[in-house]
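# Structural features, examined
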Amino acid sequence: MTRVSLDTSLDTRTARRLRDGMAQGVLSFPLTSFHEDGSLDPDGFRAYVAAQLATAPGALFPACGTGEFFSLDEDEYRQVVRIAVEESGGRVPVVAGTGYGWAQAVRFARIAEEAGADALLVLPHYLIAAPQDGLVAQLEHIAARTRLPLIAYQRGQVAFTAASLKRVAAIPNVIGLKDGHSDLDRLQRLTLAAPEDFLFFNGALTAEIQARAYAAVGAPAYSSAVHAFAPEIANAFFAALQGGDHGTVDKLLRDFYVPLVELRDRVPGYSVSLVKAAARLRGRPVGPVRAPLTDPSAADLAELRTLLAAGLDLVGAAL
């Protein structure tokens, strides 16, 4: 097995920066910009990332699920991560997505390392279910071949037991876990089993809906799809949640987030394509989604526009 020498000080430094960042703002998962013909739009992505950074996110996670990692080739991935690193300029941590089988994940990890990323989010492996030993081994193989700190991501066919998470947390450069299952019983067991300095992230779809529940079991940080198109709403919600303003939290949930989730749930893939459509409604240069995703129907787009305008009005902003 090819191993790299690990820099544990890098793990500690990155974990500390992430912990500080997630206490100060939501985590930004930027959309990847494409031209109308489906080709990568580097200039559009650069402008979009700059706009995201101007709203003070806690960290930047390019080329992950919202960024359509699954549709990027290696050269496109290299450009996306490099642009995110350049635009960030060290202001916030840059955590790039990686995934598929461990061999492919390592190729993307090396590209991200060369591009200057601070850490990696390890997306679920491709296609098949696997036993707990295999889930742990997948991370061990990746960790042995990159210097970058890793955040494991459980959703879909990846779900760790408390015993397995202890093994994952013992891998030298694995610093955290993002959860997309929303099984709070399981998550509570995981947070109790993990070392005190292990990071947990709420990765539920439209994470604000469950933000209070996740925080109660030890996972207060969350990725915000809404931040990708309406940072005014996302930041207002974050401030209200942090400040204990439950009246504002409830109002935003009732009048914006819940209707958004109901619209999102109508069509598979709307968790990304609806977000991208909303960003286009705000004039962001993100372009269409790539297959197998599809852009929203005209009727759903009209409903999205009305909902977005109403949500922005709630926080004193305009479409």
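Above: the structure in question.
Residues numbered from 1 in each chain as written. Predicted model: local features only at pLDDT ≥ 70, side-chain atom pairs only at ≥ 80, totals over all residues. Heavy atoms only, no water.

### Notes on the overall build of the protein chain
Looking only at helices and strands, the protein chain features twelve helices and eight strands. In terms of C-alpha radius of gyration, the protein chain reaches 18 Å, essentially the compact-globule figure of 20 Å for 319 residues. Along the first, second and third principal axes, the C-alpha set of the protein chain runs to 55 × 45 × 35 Å. By the burial criterion, 54% of the 319 residues in the protein chain qualify as buried. When contacts within the protein chain are restricted to residue pairs at least 6 apart in sequence, those whose partners lie at least 24 apart make up 74%. Of the accessible surface of the protein chain, which amounts to about 12800 Å², a share of 53% is contributed by carbon and sulfur atoms. In the protein chain, which carries 30 positive and 35 negative side-chain charges, the distance between the mean positions of the two groups comes to 3 Å. (Helix = DSSP H or I, 4+ residues; strand = E, 2+ residues; numbered from the N terminus. Rg over C-alpha atoms; globule rule 2.2 N^0.38 Å. Buried < 20%, exposed > 50% of the residue type's maximum accessible area, 1.4 Å probe, protein only. Contact = heavy atoms within 4.5 Å. Areas by Shrake-Rupley, 256 points an atom, 1.4 Å probe, with all protein chains shown as cover. Lys, Arg positive; Asp, Glu negative; His and termini not counted. Charge placed at Lys NZ, Arg CZ, Asp CG, Glu CD.)

### Side note on the environment of valine 122
In this structure, valine 122 sits in strand E4 (residues 119–122). Between the alpha carbons of valine 122 and cysteine 64 there is a distance of 9.0 Å; along the sequence they are 58 residues apart. Filtering out sequence-adjacent residues up to four positions away, valine 122 remains in contact with Thr98, Leu139, Ile142, Leu150, Ile151, Ala152 and Tyr153.

### Re the packing of aromatic side chains
Tallied over the entire structure, the rule returns eleven aromatic pairs. Taken together, the aromatic side chains of Phe69, Tyr77, Tyr100 and Phe108 make up a single cluster linked through ring pairs. Over the face of the ring belonging to tyrosine 153 we find lysine 178, whose NZ or CZ atom lies 4.5 Å from the ring centre. (Phe/Tyr/Trp six-rings, centres within 6.5 Å; stacked < 30°, edge-to-face > 60°. Lys NZ or Arg CZ within 6 Å of the ring centre and 35° of its normal.)

### Overview of the pattern of salt bridges
Taken as a whole, this structure holds 18 salt bridges when the rule is applied. For glutamate 87, the salt bridge goes to arginine 46, with nearest N and O atoms at 2.8 Å. Within this pair, whereas glutamate 87 is found in helix H3 (residues 74–88), its partner arginine 46 is found in helix H2 (residues 42–53), the two being separated by 41 residues in sequence. A relative accessible area of 21% places glutamate 87 in the partly exposed class. Note that aspartate 295 is salt-bridged to arginine 280, the shortest N-O span being 3.5 Å. Separated by 15 residues along the polypeptide, aspartate 295 in the loop between helix H11 (270–281) and helix H12 (298–314) and arginine 280 in helix H11 bring together distant segments of the chain. When its relative accessible area of 33% is taken as the criterion, aspartate 295 is described as partly exposed. Take arginine 280: its relative accessible area is 29%, and that puts it in the partly exposed class. Each of the salt bridges in this network shares a partner with another, and the network as a whole consists of Arg46, Arg82, Glu86 and Glu87. (Salt bridge = Lys/Arg side-chain N within 4 Å of Asp/Glu carboxyl O.)

### What about helix H10 (residues 246–264)?
At leucine 253, H10 shows its largest kink, close to 45°. Every buried residue belonging to H10 is among Val249, Leu252, Leu253, Phe256, Tyr257, Leu260, Val261, Leu263 and Arg264, and all of these are buried. For H10, the secondary structure elements touched by its buried residues are helix H8 (211–216), helix H9 (231–242), H11 and H12. (Bend = angle between axes of the 7 residues up to and from the residue.)

### Things to note about the nonpolar core
Judged by nonpolar contacts, the single largest core of 71 residues is most densely connected at Phe61, Tyr77, Leu121 and Phe200. Tallying contributions element by element places helix H4 (residues 102–115) first for this core, with seven residues. Apart from the residues lying within four places of it in its own chain, the contact partners of phenylalanine 200 are Met22, Leu165, Leu177, Leu187, Leu190, Thr191, Ala194, Gly218, Ala219 and Ala221. The next biggest cluster of nonpolar side chains, apart from the first, holds 35 residues, and it includes Leu31, Ala277, Ala278 and Ala279. (Core = buried A, V, L, I, M, F, W, Y, C linked by side-chain atoms within 4.5 Å.)

### Here's the deal with the environment of glutamine 157
With respect to the helices, strands and loops of the structure, glutamine 157 is situated in the loop between strand E5 (150–154) and helix H6 (162–170). In this structure, the C-alpha to C-alpha distance between glutamine 157 and alanine 130, residues 27 residues apart in sequence, is 7.5 Å. Not counting the four nearest positions on each side in its chain, glutamine 157 is found in contact with Pro124, His125, Tyr126, Leu127, Ile128, Ala129 and Leu135. Polar side-chain contacts of glutamine 157 include one of 2.5 Å to the backbone oxygen of histidine 125. (Polar contact = N/O pair within 3.5 Å; in protein donor to acceptor, adjacent residues only side chain to side chain.)

### Description of helix H1 (residues 8–24)
Side chains three or four residues apart in an α-helix point the same way, a direct result of the helix having 3.6 residues per turn. With 17 residues, H1 should reach 24 Å at 1.5 Å per residue; the first-to-last C-alpha distance of 25 Å fits that figure. Restricting attention to buried positions, one finds in H1 the residues Leu10, Asp11, Thr14, Ala15, Leu18, Gly21 and Met22. Down the axis of H1, the buried side of the element spans an arc of 130°, and every buried residue falls inside it. Of the exposed residues in H1, those oriented more than 90 degrees away from the buried face are Thr8 and Gln24. (Expected span 1.5 Å × (residues − 1). Arc of directions from axis to C-beta.)

### Section: the pairing of strand E6 (residues 174–179)
E6 sits mainly inside the fold: six of its six residues count as buried. Handedness of the crossover is the feature at issue here: the chain leaves E5, passes through H6, returns alongside E6, and the resulting connection is right-handed. Inspection of the sheet shows E6 paired to strand E7 (residues 199–202) by four bridges, in the parallel sense. Across the sheet, leucine 177 pairs through a bridge with phenylalanine 200, a residue of E7. Assessed by its sense of winding, the connection that carries the chain from E6 through helix H7 (residues 184–193) to E7 is right-handed. (Right-handed = clockwise from strand over helix to strand, strands pointing away. Pairing = 2+ DSSP bridges.)

### A word on the side chain of serine 28
Its place among the elements puts serine 28 in strand E1 (residues 27–28). For serine 28, a relative accessible area of 0% corresponds to the buried category.

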